[in-house]
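Each chain, written out:
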Amino acid sequence: MLDFLGDLRRTHMCGALRPPDAGQKAVLMGWVNRRRDLGSIIFIDLRDRTGMTQVVFNRERNPAVHDKAQELRNEYVIAVVGTVKRRDAETINKNIATGEVELVGDELRLLNVAKQPPFLPGDTVLPNEEVRLKYRYIDLRRDAMQFNIETRHKVSKAIRDYLSEQGFFEIETPFMTRSTPEGARDYLVPSRVQPGCFYALPQSPQLFKQILMISGFDRYFQIVRCFRDEDLRADRQPEFTQIDLEMSYPQPERVWEVVEGFLTAAFNAAGHEIKTPFPRMSYDQAIRVYGSDKPDLRLPGMVDVRTAMTPEEVAEFATKFRMRKELPIHLIRIPNAGEVSGTERRTIGTYGAYQHVQGPSFVQLISDPKRLAKDSPELTEKILRFGNVEAGDLWLLAGALEKPDSSAVMDQSVQHFCEKCGYLRFDLAQKYAPKHGAFQKRDFHFLWVTDFPMFEWDKTEKRWNPAHHPFTSLHEEDMSKLEANIDSVNDPKSPLGEIRALAYDVVLNGTELGSGSIRIHRQDIQRKIFQALGMSDEEARARFGFFLEALEYGTPPHGGIALGLDRIVMILTGAESLREVIPFPKTARAVDLMVDAPTPVNEAQLKELGIGVIKAK
């Protein structure tokens, strides 16, 4: 028979008792983690989110309570009243914080029973992720998940405290707003009182936080839920949480100082120290040296070995290895990879070794040091010395094929070539660096990537699109390029592609944590950006009329950023996906297995909303 809690109050959490508590009365409440019946003595490991305490029920001390303890099973919920006792030296459990004491039970209340769960919180071998997500309430009881969620709380609190101390107001923005699709699809919410009309769940509070600057709040932040209907990956969810902030009158450097400050506080809350200020690198340099706009600085960048050669040596080398001499010849190096067999090196020299670069390409690989040394001994020594290659390093040379396969990608620009090499570097690092400690998760290397392109060419739509969003400001010195080429939205060779935005990303170990920019606060410049994007005044008013009108009432210069809280916590906890740090995540198919959502709704609800469902063919 189950007991009522009544007026019994918990005095200690299960992870709190220590030797100084010996002799005291204590009341613990939690789940039965394990039960061991030795006949006259029953041991129960009692668990809550703070840890475990061993509880002892002795038949000689209290026969009725001992008999009741015989009925206990895993995950039963109980309350125990007893006396704290030091354990004998030989029975101390050094694996738990409370291992020097135990609670001798004098009263036991059975508050609830539990079915045998599909897995136990203490299991070392877990079922597949779908089972874990279906029974998320069991999964969340595991130590690892409790740690992840506690870390999330500590990080959020540290960020809130820091930004509040810096004069930021936490202000909530609407969850139901108008649809202004930019990139990912919106989640739409039908309105019953406005038939045929829909709200959209926000992809970000972008326009609202800019309006808050127009409203005079000067410094805003919010740890806010956002929604995007997009294909999912390990680092994506349809609903996610971001740290959103905006400031009036900032230079980019001021935004960076604030971000570095709250990240320092957040990492300290999780037990890690980080170094500030973060290094800075332009977008062009990141692409050229790392082949990525989110470089992982735990490994060395790529080195264009042409710099070490004379023009004659470059021409000779390029001819010998069928490479284009006008494009970089990159040395890619993985330090301390250890002994790599000849068979492995031959595989590295083909595209079968790489996850992200499959099939024909215009990249020519050289990964056999013996062959290279045989063909060009003096030049090889010069190249390896220039690239700081040491014994035990894994390296290869990558150049652009002079005559690529007909089926290869035909974009043979410097940027495209460097990006291909960046993928090669990443895949080699994933395979070889972890073996020798060169790719550690707790080795935090932050970076600001700056001066992103203002526009990017859309090959499908054959037009220029905003690389960030259309409210991003540009460098003052690039304004003349905008004005001179404002009507060339359909020209892929337009100098619009050379305009730099006052946009910046904060990157950690190859992961983009957040993206931001200085915003456009002048109506005349905003109108020119829309014109460069091929957007008429009528279209701009239809999509962003409320915001454009707000710009007419005295808008201060402003800028900000948004960082993914889920990603930060994922990195801090060493989790493999965002689903490990979000209490109730969706699957890769955007399904909540626990509540079985999304689901169809009945015809009455659809009729009330004036909606009909058409099945996709």
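Presented here is a report on the structure given in the accompanying data block.

Criteria and cut-off values
- Residues numbered from 1 in each chain as written.
- Predicted model: local features only at pLDDT ≥ 70, side-chain atom pairs only at ≥ 80, totals over all residues.
- Heavy atoms only, no water.
- Salt bridge = Lys/Arg side-chain N within 4 Å of Asp/Glu carboxyl O.
- Helix = DSSP H or I, 4+ residues; strand = E, 2+ residues; numbered from the N terminus.
- Buried < 20%, exposed > 50% of the residue type's maximum accessible area, 1.4 Å probe, protein only.
- Axes fitted to C-alpha atoms, helices over the stretch in contact; angles between N-to-C directions.
- Parallel < 35°, antiparallel > 145°, perpendicular 65-115°, else oblique.
- Left-handed = near helix turned anticlockwise from the far one by under 90°.
- Contact = heavy atoms within 4.5 Å.
- Nonpolar A, V, L, I, M, F, W, Y, C, P; charged D, E, K, R; others polar.
- Pairing = 2+ DSSP bridges.
- Disulfide = S-S within 2.5 Å.
- Core = buried A, V, L, I, M, F, W, Y, C linked by side-chain atoms within 4.5 Å.
- Polar contact = N/O pair within 3.5 Å; in protein donor to acceptor, adjacent residues only side chain to side chain.

**Some thoughts on the pattern of salt bridges**
Piece 1. Enumeration according to the criterion identifies 41 salt bridges in this entry.
Piece 2. Across the salt bridge formed by Arg-132 and Asp-139, the nearest N and O atoms sit 2.9 Å from each other.
Piece 3. Among the salt bridges present, the one from Arg-333 reaches Asp-393, with a minimum N-O distance of 3.1 Å. You can see Arg-333 sitting in strand S13 (residues 330-334) and its partner Asp-393 sitting in the loop between helix H11 (377-386) and strand S15 (394-400), a full 60 residues away along the chain. Grouping residues by exposure puts Arg-333 and Asp-393 together as buried.

**Let's talk about the packing of helix H14 (residues 523-532) against helix H15 (residues 537-550)**
Piece 1. Axis separation between H14 and H15 bottoms out at 11 Å; the angle between their running directions is 140°. Our classification of the angle between H14 and H15 gives oblique. The chirality of how H14 crosses H15 is right-handed. Counted together, Gln-526, Arg-527 and Phe-530 of H14 and Asp-537, Ala-540, Phe-544 and Leu-548 of H15 form the full contact between these two elements.
Piece 2. Taken together, the residues of the contact of H14 with H15 break down into four nonpolar, one polar and two charged.

**Details of the pairing of strand S5 (residues 101-112)**
Piece 1. Taking burial as the measure, the 12 residues of S5 include nine buried ones, the bulk of the element.
Piece 2. Relative to S5, strand S3 (residues 51-58) is paired through two bridges, and the arrangement is parallel. Each residue of the ladder has a partner; that of Val-55, found in S5, is Leu-103.
Piece 3. Of the strand pairs in this sheet, strand S4 (residues 77-86) and S5 are connected by 10 bridges, and their pairing is antiparallel. Opposite Thr-83, over in S5, you have Val-104 as the bridge partner.

**Observations concerning the sheet that holds S5**
Piece 1. As summarised here, the arrangement of the five strands in space is S1-S2-S3-S5-S4, forming a closed barrel in which the pairing is mixed. With direction set aside, neighbouring strand axes in the sheet form an average angle of 55°.

**Examining the state of the cysteines**
Piece 1. According to the stated counting rule, one finds zero disulfides in the structure shown.
Piece 2. The structure places no disulfide on Cys-418, whose sulfur is separated from the nearest cysteine sulfur, that of Cys-421, by 6.3 Å.
Piece 3. The class of Cys-418 is buried, set by a relative accessible area of 1%.

**Regarding the nonpolar core**
Piece 1. One finds Phe-455 and Leu-482 to be the most contacted residues of the largest nonpolar core, which totals 49 residues.
Piece 2. In this structure, Phe-455 is in contact with Trp-464, Asn-465, Ala-467, Leu-482, Leu-496, Ile-499, Ile-529, Ala-532 and Leu-533, ignoring residues within four places of it in sequence.

**What about the side chain of Thr-53?**
Piece 1. Structurally, Thr-53 is set in strand S3.
Piece 2. Apart from residues no more than four positions distant in its own chain, Thr-53 is found in contact with Cys-14, Leu-17, Leu-28, Ile-44, Asp-45, Leu-46, Thr-98 and Leu-103.

**Let's talk about the side chain of Thr-573**
Piece 1. With respect to the helices and strands, Thr-573 occurs in helix H16 (residues 565-573).
Piece 2. Looking at Thr-573, its side chain comes within polar contact range of the main-chain oxygen of Val-569, at 2.9 Å.
Piece 3. Excluding residues that lie within four positions of it along the chain, Thr-573 makes contacts with Phe-147, Asn-148, Thr-151, Arg-442 and Val-581.

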